[in-house]
Amino acid sequence: ARATRSGTLTTTLSNGKEYAYDVTVPSASDITGWDVTVESWRPNATAGDLVRTETIDGLTTTNYKTSTVKTPINVKLDKLTTWDKIPEVGKAVSGTGHYEASFNWDTTAASGAYLDFGDTLEESMKVWINGKKVGGDVSTNPTKVKKDVGGVGKATIDDGTGKQVPLVGKNLYTGGINWLKPIVDVSPYLVNGSNDIVIEYTSSLSNVQLDRGVATVSVNKGGWWKYDIDYLSFGPSQAKLVPFVDVAYTASLDQLSDAVASAEELVANVNSGMYTEATATAFLAALDAAKAVLADNQAADAQRTSVRTALESAVKALTIHVEMVVDRVKLNQSQLRLVKGKTLKLEEGVYFTNGTTAYAGAATWKSSNTKVATVTKDGKVKAKKPGTATITVTSTKANAAGKKVTAKVKVTVVKKKPKAKVTKVSASVPKTMAVGKTAYITGKYSSAKATGIKVTYKSSKTKVATIDKVGRIQAKAKGTVKITVRAGSKSKTYTVKVK
């Protein structure tokens, strides 16, 4: 993805993942300090001043042509503008323009730059930067390759001023500056430090013909072509250098993003004291390092791979320092209906008798019918075909009786999305709680035929009471708090007073 302005660059990839990076891009700036020579082309005041007489097989012919008077107009410009806005040139001039300037470029400040010549461009223009033509290559078309057929005793051609010159060919190029949208990527031609730019511009002869009265200004309101005859603004209206910063999204970025997301689900467990201090400290340090690299839009693939590997190793090294006894296992919802092909991530909570909680890595998932619905190791359910299946989450540790604890939810898969929507949300939320007490709630919704609905929870004042993503409320301090249970686009808010 490419940014031409500083700010947050947000990109959504084809796999649905969204990345947001803060990018700093140098401001666009005009190239200044131009030496300009406009060569004004006008016909000789004496019409037919070029005379050529030939006699072939006794027949004599005389050809009369009017020579072109080419008058150079030298000006210096701070910034480029069109000829009609340059007092020394004016709107009546047609001909050619030669522009030269220098500008500085810092290759470390941006990935590259565009050169913006304005909204549109009348006629044609070629640009060279540091001696290299911008856009296009020397044509290899046999009818356009350079041919030198002139020389001593060979053919010559009138140069338009009455002077005969040898027929010496010139290189013809493909491509160049688009006159409809004269903005071009000049990154391949830039060097660090000082850069030289040369512009060769060619206009039509319309303005000089209007000035001579050969044509008149007219507005074609009635004709189908609707082409107005009027003076044109010849020459580029600006030469603005527009830096840009490229952000590359590679497989290593996706892999690091997934690793960080998985690791962040363990943070609550780590902070709860579940793991030994040494392994917990190493894990948090590895996670911070991985997040820093993930946030760096210029990080190399090797760097991303390195911190991801270190983070995955730190996750594997986490060591539980006490024997954990499971109190209960809970899911965030007790109902789920999905359309074939859709997915939804369930949230699990494994609660231990010592007060700690695990939200990832402390339970396993299983589907009773994988032909109907599958479930990943982190609880993401995917609907495969119409039918029903039971999703079971089982603690990896046992309860006081030595048995593993489970929680289940029935999943119904339908072929097409029904019109049914969530119209009501409810939960058994206590009206009062004592400080230090815990309550578990599960949100329900109707219509039960609504599909793709995830139940979530929120506390208005976490200093008074918290509620986790599974539905456990913990009273922290005296006060009043609002607990919101949401299912799809509907929600219900309950007031809880903590005493």
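Residues numbered from 1 in each chain as written. Predicted model: local features only at pLDDT ≥ 70, side-chain atom pairs only at ≥ 80, totals over all residues. Heavy atoms only, no water.

Caption draft 1: Region of interest: the overall build of the chain. Across its full length, the chain carries 5 helices and 36 strands. On C-alpha atoms alone, the chain measures out to a radius of gyration of 38 Å, which is more than a quarter above the 23 Å that the 2.2 N^0.38 rule sets for 499 residues. Projected onto its principal axes, the C-alpha coordinates of the chain cover approximately 125 × 55 × 50 Å. Evaluated residue by residue, the chain yields a buried proportion of 37% over its 499 residues. Sequence-distant contacts in the chain: of pairs separated by 6 or more residues, those separated by 24 or more amount to 68%. (Helix = DSSP H or I, 4+ residues; strand = E, 2+ residues; numbered from the N terminus. Rg over C-alpha atoms; globule rule 2.2 N^0.38 Å. Buried < 20%, exposed > 50% of the residue type's maximum accessible area, 1.4 Å probe, protein only. Contact = heavy atoms within 4.5 Å.)

Caption draft 2: Structural view of helix α5 (residues 301-317). The end-to-end C-alpha distance of α5, which contains 17 residues, comes to 24 Å, matching closely the 24 Å that a straight helix rising 1.5 Å per residue would cover. Here α5 has its buried residues at Arg 304, Val 307, Arg 308, Leu 311 and Ala 314. The buried side chains of α5 occupy one side of the element, clustering within an arc of 125° when seen end-on. Away from its buried face, by an angle of more than 90 degrees, α5 presents the exposed residues Ala 302 and Lys 316. The inward-facing, buried residues of α5 abut β3 (18-23), α2 (251-264) and α4 (277-294). (Expected span 1.5 Å × (residues − 1). Arc of directions from axis to C-beta.)

Caption draft 3: View of the side chain of Ser 459. Within the secondary structure, Ser 459 sits in strand β32 (residues 455-459). Since its relative accessible area comes to 12%, Ser 459 is described here as buried. A polar contact of 3.3 Å, which involves the side chain of Ser 459, links it to the backbone nitrogen of Lys 461. Among all residues touching Ser 459, those that are not within four sequence positions of it are Ala 465, Thr 466, Ile 467, Val 481, Lys 482 and Ile 483. (Polar contact = N/O pair within 3.5 Å; in protein donor to acceptor, adjacent residues only side chain to side chain.)

Caption draft 4: Molecular detail of the layout of surface pockets. The volume enclosed by the largest pocket comes to roughly 830 Å³. In this structure, the largest pocket is lined by 26 residues; those nearest its centre are Asp 258, Ser 262, Glu 265, Lys 377 and Asp 378. Counting residues per element, the ones that place at least two in the lining of the largest pocket are α2, α5 and β23 (363-367). When residues in the lining of the largest pocket are grouped by element, the largest group, 5 residues, is from α2. Here the lining of the largest pocket is built from residues that sort into 12 nonpolar, 4 polar and 10 charged. Estimates place the volume of the second largest pocket at around 270 Å³. Taken together, 10 residues form the lining of the second largest pocket, with Lys 126, Trp 128, Lys 170, Glu 200 and Thr 202 sitting closest to its centre. (1 Å grid on protein atoms, 1.4 Å probe; cavity = no way out; pocket = protein on both sides within 12 Å on 5 of 7 lines; lining within 4 Å. Points joined across faces, edges and corners; volume = space filled by probe spheres on them. Nonpolar A, V, L, I, M, F, W, Y, C, P; charged D, E, K, R; others polar.)

Caption draft 5: Structural detail: the packing of aromatic side chains. According to the stated counting rule, one finds 5 aromatic pairs in the structure shown. On the numbers, 6.3 Å between centres and 85° between planes, the contact of Trp 34 with Tyr 99 is edge-to-face. Here Trp 34, found in strand β5 (residues 34-43), pairs with Tyr 99, found in strand β9 (residues 95-105); they are 65 residues apart in sequence, far enough to count as distant. The exposure class of Trp 34 is buried, given its relative accessible area of 1%. When the ring of Trp 83 is compared with that of Phe 234, the centres are 6.0 Å apart and the planes differ by 75°; the resulting orientation is edge-to-face. Placement of the pair is Trp 83 in the loop between β8 (68-77) and β9 and Phe 234 in the loop between α1 (206-212) and β17 (240-246), with a sequence separation of 151 residues. (Phe/Tyr/Trp six-rings, centres within 6.5 Å; stacked < 30°, edge-to-face > 60°.)

Caption draft 6: Looking closely at the sheet that holds strand β27 (residues 404-414). An order of β19-β27-β26-β23 is seen for the 4 strands of this open sheet, with the pairing classed as mixed. Both outer strands of the open sheet, β19 (336-339) and β23, are each paired with one neighbouring strand and no more. Neighbour to neighbour, the strand axes of the sheet diverge by 25° on average, direction disregarded. Bridge count for β19 against β27 is 4 bridges, and the pairing is parallel. Bridged to Leu 336 within β27 is Val 411. (Pairing = 2+ DSSP bridges. Axes fitted to C-alpha atoms, helices over the stretch in contact; angles between N-to-C directions.)

Caption draft 7: Looking closely at the environment of Lys 76. Mapped onto the elements of the fold, Lys 76 is located in strand β8. The class of Lys 76 is exposed, set by a relative accessible area of 68%. Once residues lying within four places of it in the same chain are set aside, the contact partners of Lys 76 are Trp 34 and Asp 35. In this structure the side chain of Lys 76 is engaged in a polar contact, spanning 2.4 Å, whose partner is the side chain of Asp 35.

Caption draft 8: Broad picture of the sheet that holds strand β16 (residues 193-202). Spatially, 6 strands are ordered β8-β5-β9-β16-β11-β12 in an open sheet, and the strand pairing comes out antiparallel. Edge positions in the sheet fall to β8 and β12 (132-133), since each of these pairs with one other strand and no more. Relative to β8, β5 runs antiparallel, the two sharing 10 bridges. Looking at β8, one finds that Trp 41 is bridged to Lys 70.

Caption draft 9: Geometry of the nonpolar core. Counting 94 residues, the largest nonpolar core has Trp 34 and Ile 197 as its most contacted members. With 7 residues, α4 is the single largest residue contributor to this core. Excluding its chain neighbours within four sequence positions, the residues that come into contact with Trp 34 are Val 75, Lys 76, Leu 77, Asp 78, Lys 79, Leu 80, Tyr 99, Glu 100, Ala 101, Ile 197, Ile 199 and Ala 239. One finds Tyr 445, Ile 467, Ala 475 and Tyr 494 within the second-largest nonpolar core, a separate group that totals 24 residues. (Core = buried A, V, L, I, M, F, W, Y, C linked by side-chain atoms within 4.5 Å.)

Caption draft 10: Expanded view of the pattern of salt bridges. In this structure the tally under the stated criterion is 15 salt bridges. It is possible to trace a salt-bridge network through shared partners that takes in Glu 265, Lys 345, Glu 347, Lys 454 and Lys 469. (Salt bridge = Lys/Arg side-chain N within 4 Å of Asp/Glu carboxyl O.)

Caption draft 11: Structural context of the side chain of Asp 468. With respect to the element layout, Asp 468 can be found in the loop between β33 (465-467) and β34 (472-475). For Asp 468, a relative accessible area of 11% corresponds to the buried category. Within the structure, Asp 468 has its side chain in polar contact with the side chain of Tyr 351 (distance 2.7 Å).

Caption draft 12: How the structure looks around unusual backbone geometry. The residue after Ser 446, namely Ser 447, is reached through a cis peptide bond having omega 10°. Tracing the backbone shows Ser 447 in the loop between β31 (444-446) and β32. Of note, the phi angle at Asp 57 is positive, near 55°, even though the residue is not glycine. Position of Asp 57 among the secondary structure elements: in the loop between β6 (50-56) and β7 (59-65). The exposure class assigned to Asp 57 is exposed, which follows from its relative accessible area of 80%.

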